[in-house]
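# Notes for the structure review
Below are the chains, spelled out letter by letter.
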Amino acid sequence: MALDTEKVEMIVMEAEEKFEKTVEVFKSDLLQVRAGRANPHVLDKIKVDYYGTPSPISQVGNISVQDGQCLVISPWDKSLLKAVEKAIQVSDIGINPTNDGNVVRLVFPTLTEERRKEIVKQVKKMSEDSKIAVRNVRRDCLDTLKKMNKNKEMTDDEYAGYESDIEKSVTKAVEEIEKATSDKEKELLTV
């Protein structure tokens, strides 16, 4: 039986897309990890009730960094000040907002060494979870290709070639995750 190249290419391409998506999600999650400096990305997942619609804070006002330790949120509609303040308070970012009637301020406390080490552990766990996700995608893809090989839909040589391609993609994804983890650790441990 002849190899259905198109089917195999689709399987491999889907796996590679999943690898890339896993790396992207990991990097985006890293942006939301607090590193002791004011970072607008910590607000990315916080939603504010904007006239009955949950909306990201970035869509209801202007967010600016003031002096590296303070975020200033200026809602376009001043009636949203209380809603923005409440949304931040109920979130899990661990910073208390202050509202002066015009803007909401978030002052980022400098991290203690102990807290930095805790966050590094958290980042390492996130990194390991992402690597596991990549490996799971690899396993699923290779299982599908093995079945095709077993059912004589491809030769052993063809299987070995595709397996090698998948392994290269896995290695690349894991290296990207490790580099992002290393960069974040350096950022966290730099005072």
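Refer to the structure printed above.
Now for a quick tour of the structure. (Residues numbered from 1 in each chain as written. Predicted model: local features only at pLDDT ≥ 70, side-chain atom pairs only at ≥ 80, totals over all residues. Heavy atoms only, no water.)

## With respect to the pattern of salt bridges
Worth spelling out the cut-off: We define a salt bridge as a side-chain nitrogen of Lys or Arg found within 4 Å of a carboxyl oxygen belonging to Asp or Glu.
Here the structure, examined in full by the defined rule, presents 14 salt bridges. If you follow the salt bridges from partner to partner, you end up with Lys27, Lys172 and Glu176 in one network.

## A short note on the side chain of Glu85
Our working rule: Under the scheme used here, helices are H or I runs from DSSP no shorter than 4 residues and strands are E runs no shorter than 2 residues, and both carry numbers assigned from the N terminus. Exposure classes here rest on a 1.4 Å probe applied to the protein chains alone. A residue is buried below 20% of its type maximum, exposed above 50%, and partly exposed in between. The charged-residue count follows a simple rule in which Lys and Arg add positive charge and Asp and Glu add negative charge, with His and chain termini not counted at all. Here, two residues are considered to be in contact whenever any of their heavy atoms come within 4.5 Å of each other.
Looking at the secondary structure, you find Glu85 in helix H2 (residues 81–90). Of the side chains with opposite charge, Lys82 comes closest to the buried, unpaired Glu85, at an N-O distance of 4.1 Å. If we skip the residues at most four places from it in the chain, Glu85 touches Pro97, Thr98, Asn99 and Val104.

## Observations concerning the pairing of strand E3 (residues 61–66)
Which entries qualify depends on this criterion: Think of it this way: DSSP has to see at least two bridges between two strands before they count as a pair.
Relative to strand E4 (residues 70–75), E3 is paired through 6 bridges, and the arrangement is antiparallel. Looking across to E4, one finds that Val65 is bridged to Leu71.

## Notes on the sheet that holds E3
Heads up, the rule is: Interaxial angles span 0 to 180 degrees and are taken between N-to-C directions of axes, which are lines fitted to C-alpha atoms, for helices over the stretch in contact.
Read from one edge of the open sheet, 4 strands run E3-E4-E6-E5, paired in antiparallel fashion. The sheet is open, and its two edges are formed by E3 and strand E5 (97–99), each paired on a single side. Here the average twist between neighbouring strands, direction ignored, is 20°. Against the sheet, H2 contacts E4, E5 and strand E6 (104–107), and its axis sits at roughly 165° relative to E5.

## Details of the side chain of Glu185
Residue position: Glu185 is located in helix H4 (residues 156–189). Here Glu185 sits buried without a salt bridge, and the closest side chain of opposite charge, Lys124, lies 4.0 Å off (N-O distance). Residues within four places of Glu185 in sequence aside, it is in contact with Val120 and Lys124.

## Description of the nonpolar core
Our working definition: The term nonpolar core refers to a set of buried residues drawn from Ala, Val, Leu, Ile, Met, Phe, Trp, Tyr and Cys, joined through side-chain atoms within 4.5 Å.
Formed by 30 residues in total, the largest nonpolar core has its most connected members in Val8, Phe19, Val134, Leu145, Met154 and Ile166. For this core, the elements supplying multiple residues, two or more each, are helix H1 (5–31), helix H3 (113–150) and H4. Dropping the residues within four chain positions of it, Ile166 is found in contact with Val12, Ala15, Phe19, Arg138, Cys141 and Leu142. With 19 residues, the next largest nonpolar core counts Val60, Leu81, Ile88 and Ile95 among its residues.

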